[in-house]
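Each chain is listed here by its residues.
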Amino acid sequence: MSLPTPTLRTARLRLRPFQNADADDLFALHSNAHILRYWDSPPWREPVRAERFVAACRRMAEEGSGARLAVDRVSDGAFIGWCGLVRWNPEYRSASLGYCFDEAAWGQGYATEAARVLLRWAFDTLDLNRVQAETDTRNLASARVLEKLGFVREGTLREDCVVAGEVSDSWVFGLLRRDWRPSDDHESAGTPASS
């Protein structure tokens, strides 16, 4: 069963399906060691990885296992990162949330805004009951994003990642449908516009 990747809009952002033209921006994002310091895999070294990522996003949509969306800033059209739901399980009504944003976009609420509109789509369109997310225990900024969205920290996966010889722990967060608040904080994001 396919899962058409939506286009979603907020006041400041547009979330859209990845295109081949995104490969250079995607490689710049995922080859930056500082941005990926808490990631579960090392930074990319070959530009072909970005092309594979875009192809994997298309396959994911065709297989119905999730949706990854590029995030553009509305004011200047700049690619600033991505946000996605993977491991969609219609039977369990569950999926996992992930995101990655360029360093220049940090601290401006973009990750929260993008994830919120994606979660609204997921709960309304996919009828999810649970969304899970994981973050490195050292990544306090990402943990704050998840908490702002209403996620509850449910546990710790001890030494679950080894990247370039460095062992790290991850926190597991969960958000249940009954706890979801689509318009928390000062969101002026408006409604999702699917196309």
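Above this text sits the structure in question.
In this text the structure is predicted, and so the values were computed from the model without any measurement.

Caption draft 1: Geometry of the overall build of the chain. Helix and strand content of the chain: four helices and eight strands. Reading the chain from its N end, one meets helices and strands in the order β-β-α-α-β-β-β-α-β-α-β-β. A globule of 195 residues ought to have a C-alpha radius of gyration of about 16 Å, and the chain, at 16 Å, matches this closely. Dimensions of the chain, computed from the C-alpha atoms along their principal axes, are close to 40 × 40 × 35 Å. Burial statistics for the chain: of 195 residues in total, 46% are counted as buried. Across the chain, the fraction of contacts at a sequence separation of at least 24, relative to all contacts at a separation of at least 6, is 64%. For the chain, the accessible area works out to roughly 10,000 Å², and carbon and sulfur atoms hold 47% of it. Of the side chains in the chain, 25 bear a positive and 28 a negative charge, and the two mean positions are spaced by 2 Å.

Caption draft 2: Focus on the state of the cysteines. Under the counting rule described, the total for this entry stands at zero disulfides. There is no disulfide at Cys57, and the cysteine sulfur nearest it, in Cys83, is 12 Å away. Of the residues examined, Cys57 reaches a relative accessible area of 6% and is grouped as buried. Left unpaired, Cys83 is separated from the closest cysteine sulfur, that of Cys100, by 11 Å. The class of Cys83 is buried, set by a relative accessible area of 0%.

Caption draft 3: The pattern of salt bridges, seen in detail. Scanning the entire structure with this criterion turns up ten salt bridges. The residue Asp127 makes a salt bridge to Arg177 at a minimum N-O spacing of 3.1 Å. Of this pair, Asp127 sits in the loop between α3 (110-125) and β6 (130-136) while Arg177 sits in the segment after β8 (166-176), and the two are 50 residues apart along the sequence. Notably, a salt bridge pairs Arg138 with Asp136, separated by 2.7 Å at the nearest N-O pair.

Caption draft 4: Seen up close, the packing of helix α1 (residues 23-30) against helix α2 (residues 48-63). Contact pair α1 / α2: the axes reach a minimum separation of 8 Å and the direction vectors enclose 110 degrees. Put simply, α1 runs roughly perpendicular to α2. Once α1 is placed against α2, the crossing between them reads as right-handed. Contact residues: α1 offers Ala23, Leu26 and Phe27, while α2 offers Ala50, Glu51, Phe53 and Val54. Here the residues of the contact of α1 with α2 are counted per class, giving six nonpolar, no polar and one charged.

Caption draft 5: The arrangement of the pairing of strand β7 (residues 152-163) in detail. Sheet analysis places β7 next to β8, joined by eight bridges and oriented antiparallel. The residue of β8 that forms the bridge with Val152 is Gly174. Once β7 ends, the chain turns through two residues before running back antiparallel as β8, passing Ala164 with a positive phi of about 55 degrees.

Rules used in this analysis
- Residues numbered from 1 in each chain as written.
- Predicted model: local features only at pLDDT ≥ 70, side-chain atom pairs only at ≥ 80, totals over all residues.
- Heavy atoms only, no water.
- Helix = DSSP H or I, 4+ residues; strand = E, 2+ residues; numbered from the N terminus.
- Rg over C-alpha atoms; globule rule 2.2 N^0.38 Å.
- Buried < 20%, exposed > 50% of the residue type's maximum accessible area, 1.4 Å probe, protein only.
- Contact = heavy atoms within 4.5 Å.
- Areas by Shrake-Rupley, 256 points an atom, 1.4 Å probe, with all protein chains shown as cover.
- Lys, Arg positive; Asp, Glu negative; His and termini not counted.
- Charge placed at Lys NZ, Arg CZ, Asp CG, Glu CD.
- Disulfide = S-S within 2.5 Å.
- Salt bridge = Lys/Arg side-chain N within 4 Å of Asp/Glu carboxyl O.
- Axes fitted to C-alpha atoms, helices over the stretch in contact; angles between N-to-C directions.
- Parallel < 35°, antiparallel > 145°, perpendicular 65-115°, else oblique.
- Left-handed = near helix turned anticlockwise from the far one by under 90°.
- Nonpolar A, V, L, I, M, F, W, Y, C, P; charged D, E, K, R; others polar.
- Pairing = 2+ DSSP bridges.

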